[in-house]
Amino acid sequence: MAKFTEDDLKKDLETKEYEYGFYTDIETDTFPKGLNEDIVRAISEKKNEPQWMTDWRLDAFRIWQEMEEPEWANVTYEKPDFQNISYYSAPKSVDPNKTLDDVDPDLLAMYKKLGISVDEQKKMNNIAMDIVVDSVSVATTFKKTLSEKGILFMPISEAIQEHPELVRKYMGTIVPKTDNFYAALNSAVFTDGSFCYIPKGVKCPMELSTYFRINEGGTGQFERTLLIADEGSYVSYLEGCTAPSRDENQLHAAVVELIALDDAEIKYSTVQNWYPGNKEGKGGVFNFVTKRGICHKNSKISWTQVETGSAVTWKYPSCILKGDNSIGEFYSIAVTNNFQQADTGTKMIHLGNNTRSTIISKGISAGKSQNSYRGLVKIGSRAHNARNFSQCDSLLMGNDCGAHTFPYIEVKNKSAQIEHEATTSKIGEDQLFYCNQRGIETEKAIALIVNGFSKEVLNKLPMEFAVEAQKLLEISLEGSVG
Amino acid sequence: MLQIKDLHASVEEKDILKGINLDIKAGEVHAIMGPNGSGKSTLASIIAGKETFDITKGEIAFNNEDISELNPEERAHKGVFLSFQYPVEIPGVSVTNFIKTAINETRKSKGLKDMPASEMLKLIKQKADLLDIDRKFLSRSLNEGFSGGEKKRNEIFQMAMLEPKLAILDETDSGLDIDALKIVANGVNKLQNKDNAVLVITHYQRLLDYIVPDFVHVLIDGRIVKSGTKDLAHELEEKGYDWIKEELV
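Thresholds applied
Residues numbered from 1 in each chain as written. Chains lettered and ligands numbered in written order. Predicted model: local features only at pLDDT ≥ 70, side-chain atom pairs only at ≥ 80, totals over all residues. Helix = DSSP H or I, 4+ residues; strand = E, 2+ residues; numbered from the N terminus. Buried ≥ 20, exposed ≤ 12 C-beta atoms within 10 Å, placed from the backbone. Contact = placed C-beta atoms within 7 Å. Rg over C-alpha atoms; globule rule 2.2 N^0.38 Å. Pairing = 2+ DSSP bridges. Core = buried A, V, L, I, M, F, W, Y, C linked by C-beta atoms within 7 Å. Nonpolar A, V, L, I, M, F, W, Y, C, P; charged D, E, K, R; others polar. Axes fitted to C-alpha atoms, helices over the stretch in contact; angles between N-to-C directions. Left-handed = near helix turned anticlockwise from the far one by under 90°.

1. Considering the overall build of chain A
The helix and strand tally for chain A stands at 12 helices and 23 strands. Looking at the 482 residues of chain A, the share that counts as buried comes to 57%. In chain A, the proportion of contacts linking residues at least 24 apart, taken out of those at least 6 apart, comes to 84%.

2. Quick word on the overall build of chain B
Counting secondary structure elements, chain B contains nine helices and 12 strands. Computed over its C-alpha atoms, the radius of gyration of chain B comes to 18 Å, within 12% of the 18 Å expected for a compact globule of 249 residues. Put simply, chain B has 249 residues, and 41% of those count as buried. Relative to all contacts within chain B whose residues are 6 or more apart in sequence, the contacts with residues 24 or more apart total 71%.

3. Focus on the pairing of strand E2 (residues 14–24) of chain B
Residue and element names in this part refer to chain B. Strand direction decides the pairing type here: strand E1 (residues 2–11) and E2, joined by eight bridges, are antiparallel. Directly across from valine 11, in E2, lies its bridge partner lysine 14. As consecutive antiparallel partners, E1 and E2 are separated by two residues, and within that stretch glutamate 12 has a phi angle of approximately 45°, a positive value.

4. Quick word on the nonpolar core
Counting 183 residues, the largest nonpolar core has Ala229, Ala260 and Ile266 of chain A together with Ile168 of chain B as the members making the most contacts within it. Element by element, the count of residues in this core is highest for helix H11 (residues 442–458) of chain A, at nine residues. When neighbours within four sequence positions are excluded, isoleucine 168 of chain B is seen to be in contact with Ala44, Ile47, Ala48, Phe81, Leu82, Ser83, Leu199 and Ile201 of chain B.

5. Focus on the interface of chain A and chain B
Facing 20 residues of chain A, the contacting portion of chain B comprises 26 residues. Counting only elements with at least two residues in the side of chain A that touches chain B, the list comes to helix H10 (429–437) and H11 of chain A. Considered class by class, the residues forming the side of chain A that touches chain B number nine nonpolar, five polar and six charged.

6. Describing the environment of glycine 145 of chain B
All names here are of chain B. Along the chain, the position of glycine 145 falls in the loop between strand E8 (141–142) and helix H6 (148–162). Exposure remark for glycine 145: the 9 C-beta atoms within 10 Å place this residue in the exposed category. Each C-alpha atom, one on glycine 145 and one on glutamate 59, is 39 Å from the other, the two residues being 86 residues apart in sequence.

7. A closer look at the sheet that holds strand E12 (residues 223–228) of chain B
Residue and element names in this part refer to chain B. Strands sit in the order E6-E9-E10-E3-E11-E12 across an open sheet of six strands; the sheet is mixed. Both outer strands of the open sheet, strand E6 (80–83) and E12, are each paired with one neighbouring strand and no more. Shown here is a sheet whose adjacent strand axes are inclined to one another by a mean of 20°, direction ignored. Where strand E11 (residues 215–220) meets E12, five bridges bridge the pair, whose relative direction is antiparallel. Its bridge partner being in E12, leucine 219 is matched across the sheet by isoleucine 224. Taken strand by strand, helix H8 (residues 230–239) contacts strand E3 (29–33), E11 and E12, and its axis lies near 45° from that of E11.

8. Comments concerning the pairing of strand E15 (residues 312–315) of chain A
Residue and element names in this part refer to chain A. Going residue by residue along E15, you find Val312 and Trp314 tucked away on one face and Thr313 and Lys315 tucked away on the opposite face as well. Summarising the sheet, E15 and strand E18 (residues 341–350) pair through four bridges and their orientation is parallel. Looking at E18, one finds that tryptophan 314 is bridged to aspartate 343.

9. Topic: unusual backbone geometry
Residues and elements named next belong to chain B. A positive phi is found at glutamate 12, a non-glycine position, where the angle reads about 45°. Residue position: glutamate 12 is located in the loop between E1 and E2. Positive phi, normally seen in glycine, also occurs at glutamate 171, with a value near 50°. Following the sequence through the fold, glutamate 171 ends up in the loop between strand E9 (166–170) and helix H7 (178–191). We classify glutamate 171 as buried; it has 21 C-beta atoms within 10 Å.

10. Details of the packing of helix H3 (residues 95–109) of chain B against H6 of chain B
Residues and elements named next belong to chain B. For the pair H3 and H6, interaxial distance at closest approach is 10 Å and the crossing angle is 35°. The handedness of the crossing between H3 and H6 is right-handed. Seen from H3, the contacting residues are Val95, Ile99, Ala102, Ile103 and Thr106; seen from H6, they are Asn154, Gln158, Met161 and Leu162. Along the lines of polarity and charge, the residues of the contact of H3 with H6 split into six nonpolar, three polar and no charged.

11. Some details on helix H1 (residues 40–48) of chain B
Of all nine residues that make up H1 of chain B, eight are buried, and the element is covered over most of its length. Where H1 of chain B is concerned, the buried positions are Lys40, Thr42, Leu43, Ala44, Ser45, Ile46, Ile47 and Ala48 of chain B.

It is worth stressing that arrangement in space is one thing and function is another; only the former is reported here.
Structure, rendered in structure tokens:
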């Protein structure tokens, strides 16, 4: 009888190949590799940007040059050579005036392969999508339906042209150019991303969705997202990412800024499935992302993330709870397998009175991967009656992976109440045998156990996304047995 | 239905089973009794396909097919069910979701489609009623925070849902008070028919007052040393195991 041991389990986990690892041959317009002021100017020019934007980028570039790459995260990797990256890559056939119907059929075929056909998405899911392939936003759907409500949802490059007053007012206010190394880099060279504005009192009637994908080799993707929910408004925003398999490491350094004005609510969900590298740890995306939101009075920001991809992840979606009675939430599932490394968590900065935050983090490690939760809960001296609840659970598979928790708590107001809970568990042979005995094969059993472990977070995702996320968890962790 | 011939098994080179012979036919209830460490639970695990043990000699045939090389799930699909002595917890997976997955995986192995949700719900309701199981219980995480009695009742519930050909009850009575024991035994009896068989593994005679065996086997030091009817169980209860050991010498 074939004895199924933890070693076999480990082997199974290793053999699952990245399902989105294909490369679409589309003609692209790519800048030469390297970064200097001329490249920054060229990007700005390519985008036909106003002078203030060019200056802003140049300022960021100068700041970036003075900065050093951070080293405090619990990850080790060969640092990218920033002069060996091309900072602009656009599918050649894209013309900003095109409508969805004119989109390159190859591109559309690629979306279909990803299971995100624009047409279908449009018809079936009631989701408005803004798709970013490499650096240019290709198609924006549902624009008309949204515009009737006064909702603006467009590529950020378009917003810079059409709504410069909003972009100028908010961009860089939550994640300043000086914030960190990658944020400064992004500010200098961001090529596209999404912009969204929900007017006062408007409840956005559909989930807004962006799908990012890195296609061209040797390019970095630097997208920038700015989302403003005006007073009393509500929006749910979904972001999904994939990248083709490549031997070299691709850099992804995004910035996301959320602004929830008084009484507004933003729900921001991410499913991140960038190429994680092969099972020997070669290739894969470096995902160095800065995401932050600010909550004004009585407002709420809720981050939900399912992170299954990338070779290295460095990401801390955070909330600044500035307004009284504001609420910040962070729900996360981070899966690492083979040689993946993730250092992810959140920061909850309580500044207003009666502010509340909740952190639920689920880390799943397999293979030889390292999975770290890093979180900061900070209560300012003037924040009376602040509350935080944090729960960090880790699930281990096999004996060669690691789970780490780094919770930081800084409290400057005596009225604060903070709770932190943490657990670590392991999928054992006994659990698998129990499932097997009930007729459930090992692959399915792992999926079942992992889904159970992640349930609290999966439940926070919008329906359409939850299904996809569940599938993704299975793909990331199961091996193709036999 | 189940034929075990001269079965030898070891774990880490230590011999646990030293030549077991057992023949169970459809419609029969067998009981295996024996002192601690005699190999009772090992036998149950080996029939179910637990891979911690090495079969060094002998064979296990189920419906005339050698199953000793099959995975545990393949044996389950053929109708082997093991009620665990210590059922594991699976946090976040409800009793309903678990049994639904088990049933659909079993159907899949037979080339059948998933059971329609309405049919599944009907079946769950029917079996839950049979075992006096509260609906709220079904939405709880599998075995998490369950009392001893709840765990065992859940095992029998799963057995009722899966309708196995051979049910092996490994120390199902341990940790149960008399009321829970009655409910569990009652459930097993209701499910018993001429087409299936039950193998009860127990330390005490108590359970056998409620699940009445056709045959009782005494397992000592990896061998079945005595077989008889239910009277043998009573005799063991009265005299303990020592007199058999002495007989052997």
